[in-house]
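Inside the fold
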Amino acid sequence: LVGLLLLAPAAPALAVPPATPLEERAPATRAVLDALFSMKALAPEGAAPTPPAGFSPDDADEAALIAFLARQKRRGADLDAYRQLGTPLLHTIRVGLHDTARWLLANGADPRLRVRDAAEAPAGFPPPDALGVAVAAGAWKLVDTLLHQPAYAALPPREKARALWPYALASATR
């Protein structure tokens, strides 16, 4: 019986998909960031957005953005790449693209990555991660979604409080 198992071909469900070549991953990642920053909600003030090929921000709603991001993910895009001091997840939460933020979470974006700007942090605390950004933005349904993510669900209560309250208090005084 053992010999027969060794000779049996591996089931297709167990086959590992081939890795995306590195030369395809960088353009896919750039396309993700370009698409996000070409959306009206995220376009830097005074800058002319440069949408990637195959994406038209003038015609795009959030569903079209998600479909474009999904195509780029299949090409190997890094959904945790930074631009303008934040990841796609942090930026989408900040500007209210919450369906896109949920899609990013469902597709492996790391909610524990932090904004790379110390000015965003309350005194004595690190810059916010996705949970801190959602709290500061008042995106309470997304806060609930984030608290159910494994990265936060596993935290002891004291750590959850430290992840939430500094940003809630700071946003209340703005």
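Cut-offs applied
- Residues numbered from 1 in each chain as written.
- Predicted model: local features only at pLDDT ≥ 70, side-chain atom pairs only at ≥ 80, totals over all residues.
- Heavy atoms only, no water.
- Helix = DSSP H or I, 4+ residues; strand = E, 2+ residues; numbered from the N terminus.
- Contact = heavy atoms within 4.5 Å.
- Buried < 20%, exposed > 50% of the residue type's maximum accessible area, 1.4 Å probe, protein only.
- Polar contact = N/O pair within 3.5 Å; in protein donor to acceptor, adjacent residues only side chain to side chain.
- 1 Å grid on protein atoms, 1.4 Å probe; cavity = no way out; pocket = protein on both sides within 12 Å on 5 of 7 lines; lining within 4 Å.
- Points joined across faces, edges and corners; volume = space filled by probe spheres on them.
- Nonpolar A, V, L, I, M, F, W, Y, C, P; charged D, E, K, R; others polar.
- Arc of directions from axis to C-beta.
- Axes fitted to C-alpha atoms, helices over the stretch in contact; angles between N-to-C directions.
- Parallel < 35°, antiparallel > 145°, perpendicular 65-115°, else oblique.
- Left-handed = near helix turned anticlockwise from the far one by under 90°.
- Salt bridge = Lys/Arg side-chain N within 4 Å of Asp/Glu carboxyl O.

For the rest of this paragraph, the subject is the environment of Arg-112. You can see Arg-112 is positioned in the loop between helix H5 (98-106) and helix H6 (130-137). Arg-112 sits 19 residues away from Leu-131 along the chain, and the two C-alpha atoms are 7.9 Å apart. Setting aside chain neighbours within four positions, we find Arg-112 in contact with Asp-129, Ala-151, Tyr-152 and Leu-155.

Right, let's get into H6. Note that an α-helix has 3.6 residues per turn; residues three or four places apart therefore point the same way. Most of H6 is tucked away: six of the eight residues are buried. Among all positions of H6, only Ala-130, Leu-131, Gly-132, Val-133, Ala-134 and Val-135 are buried. Measuring from the backbone nitrogen of Leu-131 back to the side-chain oxygen at the start of H6 gives 3.2 Å, which picks out Asp-129 as the cap.

What follows covers the layout of surface pockets. The calculated volume of the largest pocket comes to roughly 280 Å³. Lining the largest pocket are 15 residues, with Arg-94, Val-115, Glu-120, Pro-128 and Val-133 sitting closest to its centre. Counting residues per element, the ones that place at least two in the lining of the largest pocket are helix H4 (88-95) and H6. In terms of residue class, the lining of the largest pocket is built from eight nonpolar, three polar and four charged.

For helix H7 (residues 140-147), the full list of buried residues reads Leu-142, Val-143 and Leu-146. Each buried residue of H7 sits inside an arc of 105° when the element is viewed along its axis, so together they form one side. The outward face of H7, more than 90 degrees from its buried face, is lined by the exposed residues Trp-140 and Lys-141. Its buried side turned inward, H7 meets H4, H5, H6, helix H8 (150-153) and helix H9 (157-172).

Our focus in this paragraph is the packing of H6 against H9. Direction vectors running N to C along H6 and H9 enclose 30°, while the axes themselves pass 8 Å from each other. In terms of their interaxial angle, H6 and H9 are classed as roughly parallel. Pair H6 / H9 crosses with right-handed handedness. Facing Leu-131, Gly-132, Val-135 and Ala-136 of H6, the residues of H9 in contact are Ala-163, Leu-164, Tyr-167, Ala-168 and Ser-171. The residue inventory of the contact of H6 with H9, partitioned by class, reads seven nonpolar, two polar and no charged.

Evaluation of the coordinates by the stated rule reveals three salt bridges. Between Arg-83 and Asp-34 there is a salt bridge, with the nearest N and O atoms lying 2.9 Å from each other. With Arg-83 in the loop between helix H3 (62-74) and H4 and Asp-34 in helix H2 (residues 22-38), this pair connects stretches of sequence that are 49 residues apart. Across the pair Asp-129 and Arg-112 runs a salt bridge whose closest N-O atoms are separated by 3.4 Å. On the criterion of sequence distance, the pair formed by Asp-129 in the loop between H5 and H6 and Arg-112 in the loop between H5 and H6 is long-range, its members being 17 residues apart.

Moving on, we get to the side chain of Thr-87. Turning to its location among the elements, Thr-87 is positioned in the loop between H3 and H4. On the accessibility criterion, Thr-87 (1% relative accessible area) is buried. Those residues in contact with Thr-87 that sit more than four places away from it in its chain are Asp-80, Ala-81, Tyr-82 and Leu-113.

Our next topic: the packing of H5 against H7. The axes of two packed helices give the description: the angle between them and the distance between them. Look at H5 against H7: their axes get within 11 Å of each other, and the N-to-C directions meet at 5°. Viewed along their axes, H5 and H7 adopt a mutual orientation that is roughly parallel. Along its contact with H5, which presents His-98, Ala-101, Arg-102 and Leu-105, the element H7 presents Lys-141, Leu-142, Thr-145 and Leu-146. Here the contact of H5 with H7 is built from residues that sort into four nonpolar, two polar and two charged.

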